[in-house]
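Chain by chain, the residues:
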Amino acid sequence: MPRIVQLLASPVHRYVGRPADGPAPAPPGELVERVEVRAGLGIVGDRYFGRPAHRRASVTLIARESLPPGADLTQLRRNVLTDGIPVDELVGRVLTLDSGDGPVRLRVHRAAPPCAWLDVVVASGTWKALRRRGGVRCAPLTDGVLRVGPVTVSVDDD
């Protein structure tokens, strides 16, 4: 069964400046068990919530199957880590996730390319390995809650 493995809602950008200088410190509580999603705005408490420049990319997903062992959302800076959902194949479609609190619909707008920071925070070669597998950027179409654990998935062309 598909799962939501991790959720991240971070109020800060951690990858600023040069990768060689290392990331900014992580605020406490970035990894959470549940997130509140708002249509057209993103994830409540996240750094991209309500920002006009990020409305079409306010929620990011990545598949665990794409990651090297041991990598997680605190390094990747995506919001939702899935297992059993081929998110990179969903550009242009609508993904609906229901983790028990009702469906959350996300329009998958585009790929989320990896950045050079991954070679510093995960391992050398991660940036290249995640090309075309770096996840997707989405706009939420409905309000709702996502939780870590089993998730019901549907995909529409609408």
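These numbers come from a predicted model, not from an experiment.

**Q** Where do I start with the overall build of the chain in this structure?
**A** Check the secondary structure of the chain and you find three helices and 12 strands. For 158 residues, the compact-globule estimate of 2.2 N^0.38 gives 15 Å, and the chain sits close to it at 15 Å. Residues counted as buried form 43% of the 158 residues belonging to the chain. A sequence separation of at least 24 residues applies to 70% of the contacts in the chain between residues at least 6 apart.

**Q** Would you take a moment to explain the pattern of salt bridges for this structure?
**A** Pairing between side chains of opposite charge can happen when their charged atoms approach one another. Applying the stated criterion across every chain yields a total of six salt bridges. The salt bridge involving R64 is made with D83; its shortest N-O contact spans 3.2 Å. Highlighted residues: R64 in the loop between strand 5 (59–63) and helix 1 (73–76) and D83 in strand 6 (residues 80–83), separated in sequence by 19 residues. R64 gets classed as partly exposed once you look at its relative accessible area, which sits at 40%. Note that D101 is salt-bridged to R147, the shortest N-O span being 2.4 Å. Highlighted residues: D101 in the loop between strand 7 (94–98) and strand 8 (104–111) and R147 in strand 10 (residues 144–147), separated in sequence by 46 residues. A relative accessible area of 32% means that R147 is categorised as partly exposed. Connected through shared salt-bridge partners, E36, R38 and D143 make up one network.

**Q** Help me out: how do you make sense of the side chain of R137 in this one?
**A** Summarising the element assignment, R137 is placed in strand 9 (residues 136–140). For the buried R137, no salt bridge exists, and the shortest N-O distance to an oppositely charged side chain is 9.2 Å, to D46. Residues within four places of R137 in sequence aside, it is in contact with R56, A57, V59, T60, R107, V108, H109, R110, A111, A112 and P113.

**Q** Got a minute to help me understand the sheet that holds strand 3 (residues 34–38) in this structure?
**A** Within a sheet, neighbouring strands are paired by backbone hydrogen bonds and run either parallel or antiparallel to one another. Taken in spatial order, the three strands line up as 4-3-10 in an open sheet, and their pairing is antiparallel. Of all the strands in the sheet, the pair left with one neighbour each is strand 4 (42–43) and strand 10. As defined by bridge partners, strand 3 adjoins strand 10 across four bridges and the pair is classed as antiparallel. Within strand 10, the residue paired with V35 across the bridge is L146.

**Q** What is the right way to look at the nonpolar core in this model?
**A** For soluble globular proteins, the rule of thumb is that nonpolar side chains tend to be buried together. Counting residues in hydrophobic clusters, the biggest one holds 22 residues, and the most contacted among them are L61, L97 and L146. Of all the secondary-structure elements, those providing two or more residues to this core are strand 1 (3–8), strand 3, strand 5, strand 7, strand 8 and strand 9. What L97 contacts, discounting residues up to four positions off in sequence, is L61, I85, G102, P103, V104, L106, L146, V151, T152 and V153.

**Q** Before we go on, may I ask you to explain the pairing of strand 6 in this structure?
**A** Sheet faces and side chains relate simply in a regular strand, where the side chains alternate between the two faces. Burial along strand 6 is two-sided: the face carrying V80 and T82 and the face carrying L81 and D83 are both buried. In the sheet, strand 5 pairs with strand 6 via three bridges, with the strands oriented parallel. In the strand pairing of strand 6, A63 is matched with T82.

**Q** What is the right way to look at the environment of T74 in this model?
**A** Looking at the secondary structure, you find T74 in helix 1. It is 7.3 Å that separates the C-alpha atoms of T74 and L8, two residues lying 66 residues apart in sequence. A polar side-chain atom of T74 sits 2.5 Å from a polar atom in the side chain of D72.

**Q** For this particular structure, what's the right way to read the pairing of strand 9?
**A** Of all five residues that make up strand 9, five are buried, and the element is covered over most of its length. Residues V136, C138 and P140 point to one face of strand 9 and R137 and A139 to the other, with burial holding for every one of them. The sheet contact formed by strand 8 and strand 9 spans five bridges and is antiparallel. By the bridge assignment, R107 is partnered in strand 9 with A139.

Rules behind the numbers
Residues numbered from 1 in each chain as written. Predicted model: local features only at pLDDT ≥ 70, side-chain atom pairs only at ≥ 80, totals over all residues. Heavy atoms only, no water. Helix = DSSP H or I, 4+ residues; strand = E, 2+ residues; numbered from the N terminus. Rg over C-alpha atoms; globule rule 2.2 N^0.38 Å. Buried < 20%, exposed > 50% of the residue type's maximum accessible area, 1.4 Å probe, protein only. Contact = heavy atoms within 4.5 Å. Salt bridge = Lys/Arg side-chain N within 4 Å of Asp/Glu carboxyl O. Lys, Arg positive; Asp, Glu negative; His and termini not counted. Pairing = 2+ DSSP bridges. Core = buried A, V, L, I, M, F, W, Y, C linked by side-chain atoms within 4.5 Å. Polar contact = N/O pair within 3.5 Å; in protein donor to acceptor, adjacent residues only side chain to side chain.

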